[in-house]
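Observations on the three-dimensional arrangement
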Amino acid sequence: MPSHLCDLILADGHSVIGVDNFLTGNPRNIAHLQGNGRFQFLQADVCQPLPGLPAIDCVIHAASPASPKDYYEYPIETLDVGSIASRNLLEIAKTNGARYLVTSTSECYGDPLEHPQVETYWGNVNPVGPRSCYDESKRFAEAITMAYHRKHGVRTNIARIFNTYGPRMKLNDGRVVPQFLDQALHGKPITIYGDGLQTRSFCYVSDLVRGLYLLSQSEERYPVNVGNPVELTMLEFAQRIQRLTGSASRIVHEPLPQDDPKRRRPDITKARSILGWEPVVSLEDGLKQTIAYFQST
Ligand code: UDP
């Protein structure tokens, strides 16, 4: 997602300094920006000091493993990037008098007991389960963001991002969209975890980054859900992928990971009213774009 956000901000005429240590990201996603005079890149860990930065007017903290597969593999790095890096980047925003936006997550709601999820819901998170490295890291990131706003007056925004997909994801990312597409396109069995009746709501990346960009210019300090409210079960999703790819892959069931949220769907009333934002790309169109990307790579 961050490379798409860079594209949008650059297209709006601004300069961008991208920072990534490529723990889970891919340099190929920013290769097209080489030679763009308004784009600079630092290969660095945002948990470390970043000396020598020029004056900055907006800091966007979008660093973190985001796939369950990745944060199970890198739990400590995931906790560090929500905590240490948040502190580091908030200090940079404070010193520069810059705006600050952090990309939080629907995982703050855990396995939600309220449906759909409204920003005022406090969530149902297992603090010691395998997903806690991600969930609690993002919850800390939200808490320290509010603390910097309250204590130091930093102009902060918090986006709670729901499931997102699109070109530039890794085929072996582990999340359900690339995983099912990889399986369908390569004749492998489509692996549904559990009975497949758990739900998710998928937002296409261009819709997401437009929402984030609008939020970064708003004065809303409390979290705002950014996601697509069209909800479907993983079984329905697998069938949709079979149809769109024309795949003969069969569906198989594998064990459901621990604490896998049963239902997830954003209430986007707040984003609609304060940002005038809502998704415009249908799942069908977004998946076609994503399939075309995976077929061309
Ligand atoms: N899932 C699945 N098969 C897969 C990968 C994921 O059935 O091969 C399910 C997973 O159990 C979850 C949903 O798809 O219910 C979304 O998983 P993902 O890893 O994309 O992200 P999450 O929403 O859990 O963070």
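Below, the structure is looked at part by part.

Reading the values: the criteria
- Residues numbered from 1 in each chain as written.
- Predicted model: local features only at pLDDT ≥ 70, side-chain atom pairs only at ≥ 80, totals over all residues.
- Heavy atoms only, no water.
- Near = heavy atom within 4 Å.
- Polar contact = N/O pair within 3.5 Å; in protein donor to acceptor, adjacent residues only side chain to side chain.
- Helix = DSSP H or I, 4+ residues; strand = E, 2+ residues; numbered from the N terminus.
- Nonpolar A, V, L, I, M, F, W, Y, C, P; charged D, E, K, R; others polar.
- Buried < 20%, exposed > 50% of the residue type's maximum accessible area, 1.4 Å probe, protein only.
- Phe/Tyr/Trp six-rings, centres within 6.5 Å; stacked < 30°, edge-to-face > 60°.
- Contact = heavy atoms within 4.5 Å.
- Core = buried A, V, L, I, M, F, W, Y, C linked by side-chain atoms within 4.5 Å.
- Salt bridge = Lys/Arg side-chain N within 4 Å of Asp/Glu carboxyl O.
- Pairing = 2+ DSSP bridges.

Let us now look at the site of the ligand. Near the ligand, the surroundings consist of 18 residues, among which V176, T191, Y193, R200 and D260 are the closest. Note that an oxygen atom of the ligand is positioned 3.2 Å from one of the side-chain N or O atoms of Q179. Between an oxygen atom of the ligand and a side-chain N or O atom of R200, the distance comes to 2.6 Å. Those elements that place two or more of their residues in the shell around the ligand are α5 (176-185) and β7 (190-193). By residue class, the composition of the shell around the ligand is seven nonpolar, five polar and six charged.

Another aspect to go through is unusual backbone geometry. In this structure, P116 follows H115 across a cis peptide bond, with omega equal to -10°. Within the element layout of this structure, P116 appears in the loop between β4 (99-105) and α4 (132-152). One non-glycine residue, D259, lies in positive phi territory at about 65°. Residue position: D259 is located in the loop between β12 (251-254) and α8 (269-275). Under the relative-accessibility criterion, D259 is labelled partly exposed at 29%.

Here the structure, examined in full by the defined rule, presents 10 aromatic pairs. Ring geometry for Y109 and Y121: centres 6.0 Å apart, planes at 15°, overall stacked. Highlighted residues: Y109 in the loop between β4 and α4 and Y121 in the loop between β4 and α4, separated in sequence by 12 residues.

So, about the side chain of E220. Relative to the helices and strands, E220 is located in the loop between α6 (205-216) and β10 (224-226). A distance of 3.1 Å separates a polar atom in the side chain of E220 from a polar atom in the side chain of K270. For E220, the residues in contact, after removing those within four places along its chain, are T156, N157, K270 and I274.

Turning our eyes to something else, we now look at the nonpolar core. Counting residues in hydrophobic clusters, the biggest one holds 46 residues, and the most contacted among them are Y165, F202 and F237. Broken down by element, the residue count for this core peaks at six residues, all from α6. Setting aside residues up to four positions removed in sequence, F202 forms contacts with N163, Y165, V176, V177, N228, V230, L232, M234, F237 and L283. One finds V46, L90, V102 and A141 within the second-largest nonpolar core, a separate group that totals 20 residues.

Where helix α1 (residues 2-11) is concerned, the buried positions are S3, H4, L5, C6, I9 and L10. Buried-residue contacts for α1 involve β1 (16-20), β2 (39-43), β3 (58-61) and α6.

A separate point is the environment of Y213. Relative to the helices and strands, Y213 resides in helix α6. In sequence terms Y213 and C6 are 207 residues apart; their C-alpha atoms lie 10.0 Å from each other. The contact partners of Y213, leaving out residues within four places of it in the chain, are L5, L8, I9, D12 and H14.

A separate point is the pattern of salt bridges. Per the stated rule, a full pass over the model turns up 20 salt bridges. Residue K270 is joined to E220 by a salt bridge in which the shortest nitrogen-to-oxygen separation is 3.1 Å. Placement of the pair is K270 in helix α8 and E220 in the loop between α6 and β10, with a sequence separation of 50 residues. When salt bridges that share partners are traced, they join E107, R131, R200, D260 and R264 into one network.

This paragraph deals with the pairing of β4. For β4, the tally of buried residues reaches seven of seven residues, placing the bulk of the element in the interior. Taking every second residue as pointing to the same face, both faces of β4 are buried, with R99, L101, T103 and T105 on one and Y100, V102 and S104 on the other. Summarising the sheet, β3 and β4 pair through four bridges and their orientation is parallel. Along β4, the bridge assignment pairs V59 with Y100.

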